[in-house]
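Close look at the chain arrangement
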Amino acid sequence: MNATKVSGRKRPLIYRLPVISHFRSSVGLQRGMLVTGMVLAALFLLVAVFAPWIAPYGFAQLSDAAGPFPTQQPPSPAHIWGTTVGGYDVYSRVLWGAQTAAVVIIVAVAMSIFLGVALGLVSGYFGGWLDRVFVVIADAIYAFPSLLLAIVMSIVISHGQSSFWGGIVACSISISVVFVPQYFRVIRAETIRLKAEPYVESAKVVGASSIRIMGRHIFKNATRTLPLIFTLNASEAILTLAGLGFLGFGIEPTSAAEWGYDLNKAIADASSGIWWTGVYPGTAIVLTVLGLTLVGESINDLNDPRLRGRKKAVAGKGGPDSTAGTQAAPEAEAEVRLP
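Before going further, it helps to examine the overall build of the protein. Looking only at helices and strands, the protein has 15 helices and two strands in total. Taken across its 339 residues, the protein has 40% of its residues classed as buried. Relative to all contacts within the protein whose residues are 6 or more apart in sequence, the contacts with residues 24 or more apart total 70%. Roughly 18,100 Å² of accessible area belongs to the protein as shown, and the carbon and sulfur atoms make up 67% of that amount.

As a further point, take the side chain of threonine 277. Considering the arrangement of structural elements, one finds threonine 277 in helix α13 (residues 276-302). The exposure class assigned to threonine 277 is buried, which follows from its relative accessible area of 3%. At 3.0 Å, the side chain of threonine 277 forms a polar contact with the side chain of aspartate 269. If near-sequence neighbours (up to four positions away) are discounted, threonine 277 is found in contact with Thr83, Thr84, Val90, Asp262, Ala266 and Asp269.

Helix-helix packing is characterised by the crossing angle of the two axes and by the distance between the axes. The contact between helix α3 (residues 29-54) and helix α4 (residues 90-126) brings their axes to 8 Å, and the two run at 125°. In terms of their interaxial angle, α3 and α4 are classed as oblique. Crossing handedness for the pair α3 and α4: left-handed. Two secondary-structure elements touch here, α3 through Phe44, Val47, Ala48, Ala51, Pro52 and Ile54 and α4 through Tyr91, Leu95, Trp96, Ala98, Gln99, Ala101, Ala102 and Ile105. For the contact of α3 with α4, the class distribution of residues is 13 nonpolar, one polar and no charged.

Evaluation of the coordinates by the stated rule reveals ten aromatic pairs. Here tyrosine 125 and phenylalanine 126 contribute two aromatic rings whose centre-to-centre distance is 5.2 Å and whose plane-to-plane angle is 90°, an arrangement assigned as edge-to-face. Taken together, Trp81, Tyr91, Trp275, Trp276 and Tyr280 form an aromatic cluster joined through their ring pairs.

Membership of the largest hydrophobic core comes to 56 residues, with the highest contact counts inside it found for Phe44, Ile105, Ile175, Ile218, Ile238 and Trp259. A total of 15 residues in this core trace back to one element, the largest contributor, which is α4. Not counting chain neighbours up to four residues away, the residues in contact with isoleucine 105 comprise Phe44, Ala110, Phe230, Ala234, Ala237, Ile238 and Leu292.

Quick look at unusual backbone geometry now. With a phi angle near 55°, glutamine 72 is a residue other than glycine that sits in the positive phi range. Here glutamine 72 is to be found in the loop between β2 (67-68) and α4. Look at glutamine 72 and you get partly exposed, because its relative accessible area is 28%.

Conventions we followed
Residues numbered from 1 in each chain as written. Predicted model: local features only at pLDDT ≥ 70, side-chain atom pairs only at ≥ 80, totals over all residues. Heavy atoms only, no water. Helix = DSSP H or I, 4+ residues; strand = E, 2+ residues; numbered from the N terminus. Buried < 20%, exposed > 50% of the residue type's maximum accessible area, 1.4 Å probe, protein only. Contact = heavy atoms within 4.5 Å. Areas by Shrake-Rupley, 256 points an atom, 1.4 Å probe, with all protein chains shown as cover. Polar contact = N/O pair within 3.5 Å; in protein donor to acceptor, adjacent residues only side chain to side chain. Axes fitted to C-alpha atoms, helices over the stretch in contact; angles between N-to-C directions. Parallel < 35°, antiparallel > 145°, perpendicular 65-115°, else oblique. Left-handed = near helix turned anticlockwise from the far one by under 90°. Nonpolar A, V, L, I, M, F, W, Y, C, P; charged D, E, K, R; others polar. Phe/Tyr/Trp six-rings, centres within 6.5 Å; stacked < 30°, edge-to-face > 60°. Core = buried A, V, L, I, M, F, W, Y, C linked by side-chain atoms within 4.5 Å.

Have a look at this one:
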């Protein structure tokens, strides 16, 4: 009796969180990919938070007590990753650039989720002409290249002045406009499916309002795939920000550190054998995008029930979930024999 109660007890909240629950259900190469992505993403977040304490210099600092910084200096004890053509410390610029990228991700994706989820719930639940209008607008937005739209929005919002918040807001709004249709489509499709469920019909019969049904009965079940879209959109937001900075529509170096801007200034250095001004910011972009993409793709793969069945089968060979593994093993073997 006690064993039954323990087995039927609800798992703690920490084990039901998106990334942690997927980690517990992963195995083999899939777990390695997820762990690698989590480590890279966690490193990016830690650097972004602690950049003011880790960076030896400010993002726009050009001198210290010893005098002005030398330009294009190779890596040395004073500047471990060298200096740029403008005299900035590369190591400090890369660390501060993580903070700028994190702010863009938070602002852009938060705006996208808020608008996309709200519009998707309303459109999917009420339907009719309102739904058709929203769907047409969402389809039309896909006709615009995201980077081109980001450039136009940056010029319109910041008016050519690339201040910190001007560049952040311009990039965030342009990214949000591109990402909102993605969230809208996912939430709309889930809302259309869920509003036909018996528990939603029962809520209508007892007189629950539409707002209560959408907020209490549909919202929670329709937003389960948002962590996956969030991770993939976060990596795309970094690339969009870097693209704006590389093309000269980003943030000025005196306002904030930005990896794309530093790459733009390192183009001329590459032909002169000055590798350090472009390698480090470029590596930061690649590793950050790789980490977020690995997390997102791993979550997407682990949403496949067949992978969870294989996980249980493997655990049944001697792991703590041997009972569940024994039950899932015949199903997993049947899958292997299928052509």
